[in-house]
Amino acid sequence: MTEPSGKRILVIDDANLVRRFYRDALEHAGFQVDEALNGVEALEKVLGAAYDLIVVDVNMPQMDGFTFLETLRRQAPPVSSLPALVISTEAAAHDAAAARAAGANFYLVKPVGQELLVEHVSIMCGLPT
Amino acid sequence: MPLVRRPSLPSESPAAPAGSITEGTSEQRWAAARAAAAQPDGVALLAKALSQERDPLVLEAIFTGLAAAATAESAAAVVPFIRSEEARLRAGALDALRAMPEASRPHIGSLLADPDADVRLLSCELVRGLPEAEANRLLIDLLDGETDKNVVAAAVEVLAEIGRPEALPVLVLCSQRFVGEPFLAFSIKVATDRIGDP
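Residue numbers restart at each chain and count upward from 1, following the sequence in its written direction. Going through the entries in the order they are written, you letter the chains from A and number the ligands from 1. Reporting in this predicted model follows two pLDDT cut-offs: at least 70 for local features of residues, and 80 or more for side-chain atom pairs to be given and counted; totals over whole chains, interfaces and linings ignore these cut-offs and use all residues. With hydrogens and water stripped out, all remaining heavy atoms of the structure feed into the side-chain values.

Undergrad: So what's going on with the packing of aromatic side chains? Which residues, and what values?
TA: Put simply, two rings from Phe, Tyr or Trp (the six-membered ring, in Trp's case) pair if the centres are within 6.5 Å, and we call them stacked under 30 degrees between planes, edge-to-face over 60, tilted for the rest. On inspection of all chains with the given rule, the structure shows 4 aromatic pairs over all chains. Between A:Phe21 and B:Phe183, the ring centres sit 5.0 Å apart and the planes meet at 70 degrees, which makes this aromatic pair edge-to-face. Within this pair, whereas A:Phe21 is found in helix 1 (residues 16-28), its partner B:Phe183 is found in helix 11 (residues 182-196), the two belonging to separate chains. B:Phe183 carries the same exposure label as A:Phe21, and that label is buried. Measuring from centroid to centroid gives 5.2 Å for A:Phe21 and B:Phe186, while their planes differ by 50 degrees, and the two rings are tilted. Pair noted here: A:Phe21 is in helix 1 and B:Phe186 is in helix 11, and the two residues belong to different chains. Strands here mean DSSP runs of E at least two residues long; helices mean DSSP runs of H or I at least four residues long; both are numbered from the N terminus. Accessibility here uses a 1.4 Å probe with only protein chains present; expressed as a share of the type maximum, an area under 20% marks a residue as buried, one over 50% as exposed, and anything in between as partly exposed.

Undergrad: Describe the nonpolar core, naming the residues involved and giving the relevant values.
TA: Throughout this description, the term nonpolar core refers to a set of buried Ala, Val, Leu, Ile, Met, Phe, Trp, Tyr and Cys residues connected via side-chain atoms within 4.5 Å. In terms of nonpolar packing, the biggest core is built from 88 residues, with A:Ile9, A:Tyr22, A:Leu26, A:Val55, A:Leu117, A:Val121 and B:Ile82 touching the most fellow members. Look past the residues within four positions of A:Val121 in its chain and what remains in contact with it is A:Ile9, A:Leu26, A:Phe31, A:Leu53, A:Val55 and A:Leu85. The contact criterion used throughout is that any non-hydrogen atoms of two residues lie within 4.5 Å.

Undergrad: An account of the interface of chain A and chain B is needed here, citing residue identities and associated values.
TA: Between chain A and chain B, the residue contacts involve 24 residues of the former and 25 residues of the latter. Summed over both partners, the accessible area (1.4 Å probe) lost when two parts come together is defined as the buried area. In this assembly, chain A packs against chain B so that about 2100 Å² is buried in total across both faces, 57% of it on carbon and sulfur atoms. Here, a salt bridge means any Lys or Arg side-chain nitrogen found within 4 Å of an Asp or Glu carboxyl oxygen. For the pair chain A and chain B, the number of links is 1 salt bridge. Residues adjacent in sequence count toward polar contacts only when both atoms are side-chain atoms; beyond that, a polar contact is any pair of N or O atoms within 3.5 Å, and within protein one must be able to donate a hydrogen and the other to accept it. At the surface where chain A touches chain B, the tally comes to 8 residue pairs in polar contact (both at pLDDT 80 or more). Where the side of chain A that touches chain B is concerned, the elements lending two or more residues are helix 1 and helix 3 (65-73) of chain A. Considering each element in turn, the side of chain A that touches chain B owes the most residues, 6 residues, to helix 1 of chain A. Residue polarity follows a fixed list, in which Ala, Val, Leu, Ile, Met, Phe, Trp, Tyr, Cys and Pro are nonpolar, Asp, Glu, Lys and Arg are charged, and the others, Gly among them, are polar. Broken down by class, the residue content of the side of chain A that touches chain B amounts to 11 nonpolar, 6 polar and 7 charged.

Undergrad: Outline the packing of helix 8 (residues 132-145) of chain B against helix 9 (residues 149-162) of chain B, supporting the account with residue identities and numerical values.
TA: Residue and element names in this part refer to chain B. Fitted lines through C-alpha atoms give the axes, limited to the stretch in contact for helices. The angle between two N-to-C directions lies from 0 to 180 degrees. Interaxial distance between helix 8 and helix 9 falls to 10 Å at its minimum, and their mutual angle equals 150 degrees. By the angle between their axes, helix 8 is roughly antiparallel relative to helix 9. By crossing handedness, the relation of helix 8 to helix 9 is classed as left-handed. In this structure, helix 8 uses Glu132, Ala135, Asn136, Leu139, Leu142 and Leu143 to contact helix 9, whose residues at the interface are Val151, Val152, Ala155, Val158, Leu159 and Ile162. For the contact of helix 8 with helix 9, a count of residues per class yields 10 nonpolar, 1 polar and 1 charged. The scheme is simple: roughly parallel for angles under 35 degrees, roughly antiparallel for over 145, roughly perpendicular for 65 to 115, oblique for anything else. It is the rotation of the near helix from the far one that decides the hand of a crossing: anticlockwise by less than a right angle makes it left-handed, clockwise makes it right-handed.

Undergrad: Which residues make up the packing of helix 7 (residues 117-127) of chain B against helix 9 of chain B, and what are the values?
TA: Residues and elements named next belong to chain B. Close contact between helix 7 and helix 9 brings their axes to 9 Å; oriented N to C, the two are set at 5 degrees. The pairing of helix 7 with helix 9 is recorded here as roughly parallel in orientation. Contact residues: Ala117, Arg120, Leu121, Cys124 and Glu125 in helix 7; Asn150, Val151, Ala154, Ala155 and Val158 in helix 9. Residues belonging to the contact of helix 7 with helix 9 are distributed by class as follows: 7 nonpolar, 1 polar and 2 charged.

And the structure:
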């Protein structure tokens, strides 16, 4: 286990195994991790606690990732400027463009390995890799 | 904002002329969509509106109305939107189909065999609503020849919750087919551990 980074990450994905996989990797790398199952639950969390980064899926029930990001970007600062890493199964160029249009700061295509996840989260949190 | 609210008959909905579901302001279309679910030709009206509507709140009312109808016709109207390029429409379609499991049931087999991997992936979620034995059979058949990593991951996610021992051989095959994929190795181990030690 690495030293605590002091950074808090919200992982948003409806798939239990994906959340577990990301949590294992991020906690092992010293991040504090919270989870949400969809955009509705995630909005409640980001409005109630301070996060350094969100890792968000696209296809989720109740509120998809893009709708969540669009809603997030309409909130008041600092919530509106929370960095977002979108990780989706959608691999086409227009999917990445749609993610950026919705407010994503970076886009990865699933499946994402733990090293790649930690590397991107660290960079986006301004930590050395 | 959930795209599909719990289906309920819109007895409190304002009456609206049938034609207005595709005309007028978003508020008028929303009210018409709410009212349409209670009309004899409501499903046809909602289905027509679904192909034109882009306002999120009106879409929510349309999907909710179609899910409340829960007929073969309403499920058939929703199914094509699983392959939409818009995430909002995909999510709404999936939520609506989940909310009407019996009406969706006849479509699941063909959705799982769809040439589009994204459709197969999303359809794995619909299997969750089936009886366990049927769900296992469908997912085993899918995994037996599936080549897309993310579809396999979606199927394994469901099997990790409802999988039966008969799914273990195909999970072993998948672990051999996708050597070098850390997430799949992790998922398959979780699923096989859970099935082996329920």
